[in-house]
Amino acid sequence: MAGDPARYADGRNMGWRLVWFDDGDERLIDTFPVSREQIMRVHDLRIFDNGDDEWFAAGSYEVAAEHWPRLIEVLACPPPEAGRSYFIEGHATDL
């Protein structure tokens, strides 16, 4: 997210989602909303290598197989489907 980084400090003006794509043709299959509280809990799990990107703002973070048990618990999301690639993404809500 370009522009004034203070706009996104502490997760302000941001939203998050779990997204998944078809492995065959890479089309977006669906999204699942993630709340600020949930993204904070995901960050605290330290299962993603997101460096200093505490708010998952800089890109997509791939969900590996070993992440699922904790993510299902924290996000209350559906379990993964075979043949899909999953990512957690942050996005601006003030544009």
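Let me begin by describing the structure that accompanies this report. (Residues numbered from 1 in each chain as written. Predicted model: local features only at pLDDT ≥ 70, side-chain atom pairs only at ≥ 80, totals over all residues. Heavy atoms only, no water.)

This part takes up the pattern of salt bridges. Any two side chains of opposite charge can pair if their charged atoms end up close together. Within the structure shown, the criterion is met by four salt bridges. For E89, the salt bridge identified is with R17, shortest N-O distance 3.5 Å. In this pair, E89 is assigned in strand 4 (residues 84–92) and R17 in strand 1 (residues 14–22), connecting sequence segments 72 residues apart. Between R84 and D22 there is a salt bridge whose closest N-O contact spans 2.8 Å. (Salt bridge = Lys/Arg side-chain N within 4 Å of Asp/Glu carboxyl O. Helix = DSSP H or I, 4+ residues; strand = E, 2+ residues; numbered from the N terminus.)

Another point: the sheet that holds strand 1. Pairing is antiparallel in the open sheet, where four strands are placed in the order 2-1-4-3. For this open sheet the edge positions go to strand 2 (28–34) and strand 3 (60–62), each flanked by a neighbour on one side alone. Here the strands of the sheet are splayed against their neighbours by 25° on average, with no regard to which way each runs. In this structure, strand 3 lies alongside strand 4, joined through three bridges in antiparallel fashion. Its bridge partner being in strand 4, Y61 is matched across the sheet by I88. The strands touched by helix 1 (residues 36–45) within the sheet are strand 1, strand 2 and strand 4, with strand 2 carrying the most contacts at an inclination of about 95°. (Pairing = 2+ DSSP bridges. Axes fitted to C-alpha atoms, helices over the stretch in contact; angles between N-to-C directions. Contact = heavy atoms within 4.5 Å.)

All right, on to helix 1 then. Residues Q38, I39, V42 and H43 constitute the buried set of helix 1. Looking straight down helix 1, one finds that the buried residues subtend no more than 140° of arc, so they occupy a single side. For helix 1, the exposed residues set more than 90 degrees away from the buried face come down to E37 and D44. Considering only its buried residues, helix 1 is in contact with strand 1, strand 2, helix 2 (68–75) and strand 4. One or two positions beyond helix 1, positive phi appears at R46, with a value near 55°. (Buried < 20%, exposed > 50% of the residue type's maximum accessible area, 1.4 Å probe, protein only. Arc of directions from axis to C-beta.)

Read these as geometric descriptors, not functional statements.
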